Amino acid sequence: MKTKLLLVEDEKTLSELLTEFLETEGYSVHCAYDGEEGFKLFNSIKPDICIFDIMMPILSGFSLLEKVRSVNSEIPVLLLTARGLKADIINGLKLGADDYVTKPFNFQELNLRLKNILKRGNTLGDKSTYKIGKYNFNHNTQLLEFESSKQILTTMEANMLNLFFLNKNKTLERKEILQAIWNSDDFFNHRSTDVFVSKLRKYLSKDPSIKILSIRGKGYKLII
C-alpha cells in the first residue's frame, strides 16, 4: 500500500508541483490549503506522515502541529519554513516536529528526509522493549512508562532515546548522533539535537539515577 501523506501548504502552485512530484515517488498525497482544513483532513484520512507549512492563514503550521500532537504523538511531521530562522526551527521541534526543510528547497532533499523518517520508523530491530532505570521504553510503540505515568514520544524522540540506550554509558559524539538521526551535519541539526536532548532529560527526570551528560567538545552520554 502507498504511504498516505498529508500536505498542508497555502501556496497552491507549490502544493500542486510538490503533489505531482511526491505521487511519482509513490506517495498517496492529500492536500489542504490552511491549518483548519488541514486538521479536519488529518482526522478524516489518518495519514502516515505529514508536511505542514509554518506560515498559513486561519491556523498556522505551529498551531496545527499543536492540535495534531494533542490527539496523536506518534505521527511524523515535517515542517516547511520560508524564513529559515533558528527560532522558527527550534520552536517547531519543541512543539513536536520530527524534521524541517527551509524554503526554497530541493524536492529530492525533501523526499530524502521523508524517506529517512519513515525508514527509521520501520527498521527498529528485533528487540524493542527496554528497561531504562525505572522506566520501561518500547521503541516500536514509542511509549515511555514510569510507574503509572505514560509518555508517547515523537518518532525522532524515540529514535534518539533508542540511540542513547544502545550506546549507554558511552560518549556519543555529535557527528555520530547527527548522522544516525538526520544523515546530515549542519548547524541547524546541531541545534535540533540540543532541543531533543533537553526534552529527553525532562521525560527521564523522575528517576534521578538516569542522566544525559553533556561532554564538552564531544557530545552526550546516557548514564544509567
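The structure reproduced in this document is the subject of the present report. Throughout this description, residue numbers start from 1 for each chain and increase along the sequence as written. Thresholds applied to this predicted model are a pLDDT of at least 70 for local features of residues and 80 or more for the giving and counting of side-chain atom pairs; totals over whole chains, interfaces and linings are not thresholded and use all residues. The side-chain quantities take in all heavy atoms of the structure and omit both hydrogens and water.

## Considerations on the sheet that holds strand β10 (residues 171-173)
At least two bridges found by DSSP between two strands is the condition for calling them paired. A run of DSSP states H or I qualifies as a helix once it reaches four residues; a run of E qualifies as a strand once it reaches two. Both are numbered from the N-terminal end. With respect to topology, three strands assemble into an open sheet ordered β10-β12-β11, the strand pairing being antiparallel. Bordering the open sheet on either side are β10 and β11 (211-215), each of which pairs with just one other strand. Sheet twist, expressed as the average angle between the axes of neighbouring strands with direction ignored, equals 25°. Along the sheet face, helix α6 (residues 155-166) touches β10, β11 and β12 (219-223) and points at about 70° away from the line of β12. Between two residues, a contact is recorded if the distance between any of their heavy atoms is within 4.5 Å. Here an angle of 0 to 180 degrees is reported between the N-to-C directions of two axes, which are lines fitted to C-alpha atoms, with helices fitted over the stretch in contact. Its contacts with the sheet place helix α7 (residues 174-181) against β10 and β12, and it is angled at close to 70° to β10.

## Re the pairing of β11
With five bridges joining them, β11 and β12 adopt antiparallel strand pairing. Within β12, the residue paired with Ser214 across the bridge is Tyr220. Taken together, β11 and the strand that follows it, β12, pair antiparallel across an intervening segment of three residues, in which Gly217 is found at a positive phi of about 75°.

## Focus on the sheet that holds strand β2 (residues 27-32)
Within the open sheet, the five strands sit side by side as β2-β1-β3-β4-β5. Their pairing is parallel. This sheet does not close on itself; its edge strands, each paired only once, are β2 and β5 (99-102). Neighbour-to-neighbour, the strand axes of the sheet open up by a mean angle of 20°, direction not taken into account. Bridge analysis of strand β3 (residues 49-53) against strand β4 (residues 77-81) gives four bridges, and the strand direction is parallel. Note that in β4 the partner of Cys50 across the bridge is Val77.

## Let's talk about the nonpolar core
Counting 53 residues, the largest nonpolar core has Phe52, Leu79, Met160 and Phe164 as the members making the most contacts within it. With seven residues, α6 is the single largest residue contributor to this core. Contact partners of Leu79, with chain neighbours within four places excluded, come to Phe52, Ile54, Phe62, Leu65, Gly92, Ala97, Asp99, Tyr100 and Val101. What is meant by a nonpolar core is a set of buried Ala, Val, Leu, Ile, Met, Phe, Trp, Tyr and Cys residues, joined one to another through side-chain atoms within 4.5 Å. Summary of the burial criterion: residues with accessible area below 20% of their type's maximum are buried, those above 50% are exposed, and those between are partly exposed, where the area comes from a 1.4 Å probe applied to protein chains only. Counting 18 residues, the second largest nonpolar core, distinct from the first, contains Tyr27, Val29, Leu78 and Ile117.

## A few points about the pattern of salt bridges
Salt bridge, as applied in this entry: a Lys or Arg side-chain nitrogen positioned within 4 Å of an Asp or Glu carboxyl oxygen. Enumeration according to the criterion identifies nine salt bridges in this entry. Glu157 is the salt-bridge partner of Lys199, the closest N and O atoms lying 2.8 Å from each other. Residue Lys199 is located in helix α8 (residues 187-203), and its partner Glu157 is located in helix α6; the two are separated by 42 residues in the primary sequence. By relative accessible area, which is 13% here, Lys199 ends up buried. Its relative accessible area of 1% is what places Glu157 among the buried residues. By sharing partners, the salt bridges in this structure join Glu9, Glu11, Asp53 and Lys103 into a single network.

## What to know about the side chain of Asn111
Within the secondary structure, Asn111 is located in helix α5 (residues 107-122). For this analysis, a polar contact is any N or O atom pair within 3.5 Å, provided that within protein one partner can donate a hydrogen and the other can accept it, and provided that sequence-adjacent residues contribute only side-chain to side-chain pairs. Within the structure, the side chain of Asn111 is placed 3.1 Å from the side chain of Glu25, a separation counted as a polar contact. Not counting the four nearest positions on each side in its chain, Asn111 is found in contact with Phe21, Glu25 and Tyr27.

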